[in-house]
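Given next are the chains, with one letter for each unit.
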Amino acid sequence: SVAVEDPKFTLQEVLDTFKSCLSENKEVFLEHYVAGWLGLVRFMNSLGSVFSFIAKDAVNKIQILINHLNGENGAHYVTVQSMVKYELDNQLVDLTKRGSFPESGCRTLLRLHRALRWLELFLERLRTSTEESKTSLMCSEAYNESLSQHHAWIIRKAAGTAFWALPGRATFFDVMNVGTPEQVVTMLGDALPLISEVYQVTEDLYAQNNILDLP
Ligand code: 1Q0
């Protein structure tokens, strides 16, 4: 199970984890991908209990991937590339409707992958925001441009409600624990291209294998 308390935690460390995701030949290490997500969830938990229904789903999915990594076929789960190949070659993925493999690595990671696009859009807005900018608005705009397209109405409704409970920009910057607003902006500028790259490599892999719409 997953530890969620860490007083020294800074968002910088989390975003650094995504840097270590990519191998030299642009493979995505699942272990680091999962570690990056754990850090994000920890951050989300520090924002308050309104977000716990979101955190809970993220943790469930992270745990599924950890179980694959630690399972008897773990060697096939070292990279996202090897995972996709292994699961597709062995018919371990539900391709058109939910059925035998509700916990396939491919469909589970796809949910986090879509959320990573939300994160990218949100952090980019935060990076270019001003003191007057509203975090709830930045968050919902990023969500509407990405993740919401994959969510049922009831989930969109619940997410929209949670966004209104987001703390303001100043609190956000504090919780990140990175330093002055200027330092936060610099850190985000450094980290975002790395997150984008991890996102794009995964997106291309899923597109090539025709698995962007797994149920
Ligand atoms: C900081 C506020 C966080 C806002 C997160 C926006 C995402 C809202 C998503 C609402 C998800 C609702 C829970 C259930 C959804 C599932 O139905 C869905 C599909 O799965 P399935 O198995 O039913 O097919 N699950 C998902 O789409 C996965 C969603 C994971 C969302 C994880 C978002 C975690 C983000 C954390 C980063 C917060 C830190 C931001 C750092 C900002 C720095 C200041």
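Thresholds, definitions, all that
- Sequence order as written defines the numbering, with residues in each chain counted from 1.
- Only residues with pLDDT of 70 or above have their local features reported here, since the model is predicted, and side-chain atom pairs are shown and tallied only from 80 upward, although totals for entire chains, interfaces and linings are computed over all residues.
- Side-chain descriptors were evaluated using all non-hydrogen atoms of the structure, hydrogens and water having been removed beforehand.
- Side-chain rings of Phe, Tyr and Trp, where Trp is taken by its six-membered ring, are said to pair if the distance between their centres is within 6.5 Å; with planes under 30 degrees apart they count as stacked, over 60 as edge-to-face, and otherwise as tilted.
- Runs of H or I in DSSP of at least four residues are treated as helices and runs of E of at least two as strands, each being numbered from the N terminus.
- Nearness here has a simple test: a residue counts as near a molecule or strand if at least one of its heavy atoms is within 4 Å of that partner.
- In protein, a polar contact requires one atom able to donate a hydrogen and another able to accept it; more generally it is a pair of N or O atoms within 3.5 Å, and residues adjacent in sequence count only if both atoms are side-chain atoms.
- Calculation of accessible area relied on Shrake-Rupley with a 1.4 Å probe; when residues are assessed, cover is drawn exclusively from the protein chains displayed.
- A 1.4 Å probe that fits into a set of points on a 1 Å grid over the protein atoms alone but cannot get out defines a cavity; an open set with protein on both sides within 12 Å along at least five of seven lines defines a pocket, and lining residues are those with an atom within 4 Å of a point.
- More than half of a molecule's atoms within 2 Å of the grid points is what it takes for that molecule to sit in a cavity or pocket.
- Throughout this entry, Asp, Glu, Lys and Arg are counted as charged residues, while Ala, Val, Leu, Ile, Met, Phe, Trp, Tyr, Cys and Pro are counted as nonpolar. The remaining residues, Gly among them, count as polar.
- Grid points are joined across faces, edges and corners, and a volume is the space filled by probe spheres set on the points.

A word on the packing of aromatic side chains
Right, so step 1: In the structure shown here, the tally under the stated rule is six aromatic pairs.
Right, so step 2: Geometrically, the ring pair formed by phenylalanine 18 and tyrosine 33 is edge-to-face, given 6.3 Å between the ring centres and 80° between the ring planes. Taken together, the residues span a long stretch of sequence, with phenylalanine 18 in helix α1 (residues 11-19) and tyrosine 33 in helix α2 (residues 30-45) at a distance of 15 residues.
Right, so step 3: Here tryptophan 118 and phenylalanine 122 contribute two aromatic rings whose centre-to-centre distance is 5.4 Å and whose plane-to-plane angle is 10°, an arrangement assigned as stacked.

Observations regarding the site of the ligand
Right, so step 1: As a structural note, the neighbourhood of the ligand is formed by 26 residues, with Asp57, Lys61, His151, Phe172 and Met176 the closest of them.
Right, so step 2: Take aspartate 57: an N or O atom from its side chain is 2.7 Å from a nitrogen atom of the ligand.
Right, so step 3: Side-chain polar atom of histidine 151 to an oxygen atom of the ligand: 2.7 Å apart, as the coordinates give it.
Right, so step 4: When the ligand sits alone it has 960 Å² of accessible area, and the protein chains cover 91% of it.
Right, so step 5: A majority-of-atoms criterion places the ligand in the largest pocket.
Right, so step 6: Of all the secondary-structure elements, those providing two or more residues to the shell around the ligand are α2, α3 (52-70), α5 (105-127), α7 (153-163) and α8 (169-176).
Right, so step 7: In terms of residue count, the dominant contributor to the shell around the ligand is α5 (eight residues).
Right, so step 8: Residue classes in the shell around the ligand are distributed as 21 nonpolar, one polar and four charged.

Focus: the layout of surface pockets
Right, so step 1: By volume, the largest pocket is sized at about 950 Å³.
Right, so step 2: Of all the elements in the fold, those that place two or more residues in the lining of the largest pocket are α1, α2, α3, α5, α6 (135-144), α7 and α8.
Right, so step 3: Ranked by residue count, the leading element in the lining of the largest pocket is α5, at 10 residues.
Right, so step 4: Of the residues assigned to the lining of the largest pocket, the class counts are 29 nonpolar, two polar and six charged.
Right, so step 5: In this model, the second largest pocket occupies a volume close to 150 Å³.
Right, so step 6: Lining the second largest pocket, in full, are Leu110, His113, Arg114, Arg117, Glu145, Ser146, Leu147, Gln149, His150, Tyr199, Glu203 and Leu212.
Right, so step 7: Mapped onto the lining of the second largest pocket, the elements with two or more residues apiece are α5 and α9 (181-208).
Right, so step 8: Element by element, the count of residues in the lining of the second largest pocket is highest for α5, at four residues.
Right, so step 9: Its residues assigned to classes, the lining of the second largest pocket comprises four nonpolar, four polar and four charged.

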